[in-house]
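Descriptive structure summary
Spelled out from the first residue to the last, the chains are:
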Amino acid sequence: MQAVEKTNEELAAEVAHLRQRIAELEQSEIERKRAEEELRQSEERYRFLFENSQTINILVGTDGKILDINESAVESLGYKKKSIIGKEVIEFVIHDQRENVAQQLALELNGEYTPPLEIDIITKKGARTLLFTEGHATLFEKGELLGIVLSAVDITERKQAEEKLRESEERFRAIFETAQDFIFLKDRDSKFTAVNPAMERLYGVPASKLIGKTGGALFGKAMTARIREKDVRVLKGEIIIEEHPSPLKGSTDIHHVIKVPIRNSAGEIIGICGIGRDITERKQAEEKLREREAFNYALFQYNPIETIVVDLEGRVITFNLAKEKSGGRLPGIGDRMYKDYAGKHEIGMRAELMQCIRSGESKEFPELRYGDKYLNITISPFAQGAIIISEDITERKRAEEALRESEQFSSSLLKNAPNPIIVINPDTSIGYVNPALERLTGFVAAELIGRKAPYPWWSDAIASETTRGLKQTMQQGAQKLEKQFHTKNGETFWVEITAEPVTHNGKIQYLLTNWLDITERKRAEELLQKERDTFYSILDKSPYGVMVQDPAGNCSFVNTEFTNITGYTLKDVPTTREWLDLAY
């Protein structure tokens, strides 16, 4: 009985133990199911987050192959999901980055930290830039490493925007640094925040002395206050464009400056941008242009030559005072030049005018007949039409005709003059010889024109002295100067020279020289002198005292015997009266 009861007790204990185990198992099952439910819910949340995240998620196995990707990754890569899964992730990386990405992936799979990494991937539509975040999730299954989740953000647009911003900043910096105009930036307190090199050069100070300052030390209080007043208006949204004297003390330069407000992304005004240039030379040029225009206007109005201005259609738009006071019929404003007005020229001046305007080339019409007048007409086209200058040369033509007739007469007179004539220039070169001189000397004009002293009819013995005399004659002229010259064949001849310098405004133009051939007279004088010498020689040998006097009572000779008898020489008795006074 005891054995049976003991067995019952043991059985009861075992039953109790079994019930406890069952309860524990049931509790364990409940906890397992709860854990499985939590796991399922966690996996669902993970799947939901993995699939629906705006972040690109790529599940990569330990072999580097893609196990799964979410829709954001699919959209970024541009391929169908099934064509991506199973491929090595490295295949979607551009070639020159694959080695680096493979090293980073190996570190991740080894559980080591890797920093964020920008990777350029190959998509269906081209290269994109992804930023892979740090701290990638590591997945395990049954204690074994399944793979890692790579999370990335497509920053292609941001990179492009950054690149555009960088390029924009580089362009701005290039313009800012190299611009010939001076550029400056200011904050709301009118303090310089940036100035370009052009401004440094213009003001003669480095940027360091301007940045953070209003420029009062450079500009002075009055100018600084004026600048501040303008800046306040700009800071209220106004754009100011002005020309003003340079703010630098003592400067006389003129600056053209534009100031505009600088706004932030919210549209708030945060400062001022100024662009300016030194326009001193331009203003000086404008002033010179105004002076030139005033001069041209005065030149046009007060030009003594009649002047008419026409437009591109050849219609009269204005004329000067000389035309107005000419006394003739005046053109009407708007008249067609050479058609409505002055249309009776001997050639088609209307066509000539329009041709000049079309071609842009000036043309002169000298000595153009217009009725009983002679006109010099010049047509000078310009951008808006043409200027017509018409000079009445009728009186000049008459004077020229009279001069021509006079010159013909003078030429005929010189050519046919019986006496030799020579014209000598101030440098002693021969300008003209007439035929009579050619005949006398034997030299032709071609041999003489342009030849300077000494001249070929001078002998070597007189060349130096005669050259000096010629220079004196150039200044004073000469009257009845007798000279002996020789011809081309060596024969000698005598001339009586009369020379007269011709001057203009006190300056010698030429020496007009006239020769008179006195060769026969000089020969006669020589012969007479010989006969006189013979006669006086006979008288001097006479045994009687002899005195010779002319009709006026002047003694010209006494012989030796006369001196012996009286004791007087010719010097003592120059006249008969003096001889008588001495003798008696």
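Everything here concerns the structure above.
Let us look at the structure shown here. (Residues numbered from 1 in each chain as written. Predicted model: local features only at pLDDT ≥ 70, side-chain atom pairs only at ≥ 80, totals over all residues. Heavy atoms only, no water.)

Attention shifts here to the overall build of the protein. Assigned secondary structure in the protein consists of 18 helices and 23 strands. With respect to the three principal axes, the spread of C-alpha positions in the protein is 240 × 70 × 60 Å. Sorting the 584 residues of the protein into buried and exposed places 33% on the buried side. A fraction of 36% describes how many contacts in the protein between residues 6 or more apart in sequence connect residues 24 or more apart. (Helix = DSSP H or I, 4+ residues; strand = E, 2+ residues; numbered from the N terminus. Buried < 20%, exposed > 50% of the residue type's maximum accessible area, 1.4 Å probe, protein only. Contact = heavy atoms within 4.5 Å.)

Time to look at unusual backbone geometry. A cis amide bond links Ala453 with the next residue in sequence, Pro454, at an omega value of 5 degrees. Here Pro454 is to be found in the loop between helix 14 (445-448) and helix 15 (460-476). With phi around 75 degrees, Thr428 is a residue other than glycine that occupies positive phi space. Looking at the element boundaries, Thr428 is found in the loop between strand 17 (421-424) and strand 18 (430-433). Under the relative-accessibility criterion, Thr428 is labelled buried at 11%.

Right, let's talk about the packing of aromatic side chains for a bit. This model, assessed by the stated rule, comprises 14 aromatic pairs. Considering the side-chain rings of Phe485 and Trp515, the 5.5 Å spacing of their centres and the 40 degrees angle between planes classify their relative orientation as tilted. Residue Phe485 is found in strand 19 (residues 478-486), and its partner Trp515 is found in strand 21 (residues 507-517); the two are separated by 30 residues along the sequence. For Trp515, a relative accessible area of 3% puts it in the buried group. Note on Tyr568 and Trp579: the rings are 6.0 Å apart at their centroids and 75 degrees apart in plane angle, and the pair reads as edge-to-face. (Phe/Tyr/Trp six-rings, centres within 6.5 Å; stacked < 30°, edge-to-face > 60°.)

With that settled, the discussion passes to a nonpolar patch on the surface. Nonpolar side chains collect at one region of the surface, where Ile239, Ile241 and Ile258 lie side by side and expose about 280 Å² of accessible area between them. Looking at the element boundaries, Ile241 is found in strand 9 (residues 240-245). (Patch = residues over 30% accessible without salt bridge, like charges linked within 9 Å, V, L, I, M, F, W, Y side chains within 5 Å. Areas by Shrake-Rupley, 256 points an atom, 1.4 Å probe, with all protein chains shown as cover. Salt bridge = Lys/Arg side-chain N within 4 Å of Asp/Glu carboxyl O.)

Formed by 23 residues in total, the largest nonpolar core has its most connected members in Ile422, Tyr455, Trp457, Phe485 and Trp515. Listed by contribution, the elements that provide at least two residues to this core are strand 17, strand 18, helix 13 (435-441), helix 15, strand 19, strand 20 (492-504) and strand 21. Residue contributions to this core peak at four residues, all from strand 20. Contacts of Trp515, omitting those with residues within four sequence positions, involve Asn419, Pro420, Ile422, Leu437, Leu440, Thr441, Trp457, Phe485, Phe493, Val495, Glu496 and Ile497. (Core = buried A, V, L, I, M, F, W, Y, C linked by side-chain atoms within 4.5 Å.)

Moving on, we come to the pairing of strand 21. Where strand 17 meets strand 21, four bridges bridge the pair, whose relative direction is antiparallel. Among the inter-strand pairings, Ile421 is bridged to a residue of strand 21, identified as Asn514. Pairing analysis gives ten bridges linking strand 20 to strand 21, with the strands arranged antiparallel. Directly across from Thr503, in strand 21, lies its bridge partner Ile508. Hairpin connection, strand 20 to strand 21: the antiparallel pair is bridged by two residues, and Asn505 has positive phi, about 55 degrees. (Pairing = 2+ DSSP bridges.)

A few words now on the sheet that holds strand 7 (residues 182-186). One open sheet holds the five strands; their spatial order is 8-7-11-10-9, and the pairing between them is antiparallel. Two strands in the sheet have a free side with no partner beyond their single neighbour: strand 8 (192-195) and strand 9. Geometrically, the sheet is characterised by an average inter-axis angle of 25 degrees between neighbouring strands, direction not taken into account. Judged from the three bridges that link them, strand 7 and strand 8 form a sheet pairing that is antiparallel. If you follow Leu185 over to strand 8, its bridge partner there is Ala194. (Axes fitted to C-alpha atoms, helices over the stretch in contact; angles between N-to-C directions.)

Bringing the pattern of salt bridges into the picture now. One pass over the full model with this rule turns up 33 salt bridges. Salt-bridge contacts for Arg521 lead to Glu496; the nearest nitrogen and oxygen are separated by 3.8 Å. With Arg521 in helix 16 (residues 519-540) and Glu496 in strand 20, the pair connects residues that are 25 residues apart, well separated along the chain. Judged by its relative accessible area of 33%, Arg521 falls in the partly exposed class. On the basis of relative accessibility, which here comes to 13%, the residue Glu496 falls in the buried class. A network of salt bridges, in which partner residues are shared, links Glu482, Glu496, Arg521, Lys522 and Glu525.

On to the side chain of Gln301. Topologically, Gln301 is positioned in helix 9 (residues 280-302). If we skip the residues at most four places from it in the chain, Gln301 touches Phe319, Asn320, Leu321 and Ala322.

The next subject is the sheet that holds strand 17. In a beta sheet, neighbouring strands pair by backbone hydrogen bonds and run either parallel or antiparallel. With respect to topology, five strands assemble into an open sheet ordered 18-17-21-20-19, the strand pairing being antiparallel. Strands with a single pairing partner mark the edges of an open sheet, and in this sheet they are strand 18 and strand 19. Strand-to-strand twist across the sheet, computed as the mean angle between neighbouring axes with direction ignored, equals 25 degrees. This element, helix 16, spans strand 19, strand 20 and strand 21 of the sheet and lies at about 130 degrees to strand 20.

Within a regular strand, the side chains alternate between the two sheet faces. With six of its six residues buried, strand 1 (residues 56-61) lies for the most part within the structure. A two-sided burial pattern is seen for strand 1, the buried positions comprising Ile56, Ile58 and Val60 on one face and Asn57, Leu59 and Gly61 on the other. Bridging between strand 1 and strand 2 (residues 66-69) involves three bridges; their strand directions are antiparallel. Across the sheet, the residue bridging to Ile58 is Ile69, located in strand 2. Between strand 1 and strand 2, which pair antiparallel in sequence order, lie four residues; one of them, Gly64, sits at a positive phi of approximately 85 degrees.

Next up on the list: the environment of Phe485. Classification of Phe485 by relative accessible area gives buried; the value is 4%. Once the C-alpha coordinates of Phe485 and Tyr510 are considered, the two residues, 25 residues apart in sequence, prove to be 22 Å apart. Setting aside chain neighbours within four positions, we find Phe485 in contact with Trp457, Trp458, Ile462, Glu491, Thr492, Phe493, Val495, Ile497 and Trp515.

Looking now at helix 8 (residues 221-235). Count 3.6 residues to each turn of an α-helix, and residues three or four apart come out pointing the same way. Its 15 residues place the ends of helix 8 20 Å apart at the C-alpha level, agreeing with the 21 Å of an ideal helix rising 1.5 Å per residue. Of all the positions in helix 8, only Met223, Thr224, Ile227, Lys230, Asp231, Val234 and Leu235 are classed as buried. Along the long axis of helix 8, the arc covered by the buried residues comes to 140 degrees, so they all point the same way. Seen from the open side of helix 8, the exposed residues pointing more than 90 degrees away from its buried face are Lys221 and Ala222. Directly after helix 8, the chain includes Gly237, whose backbone phi takes a positive value near 110 degrees. (Expected span 1.5 Å × (residues − 1). Arc of directions from axis to C-beta.)

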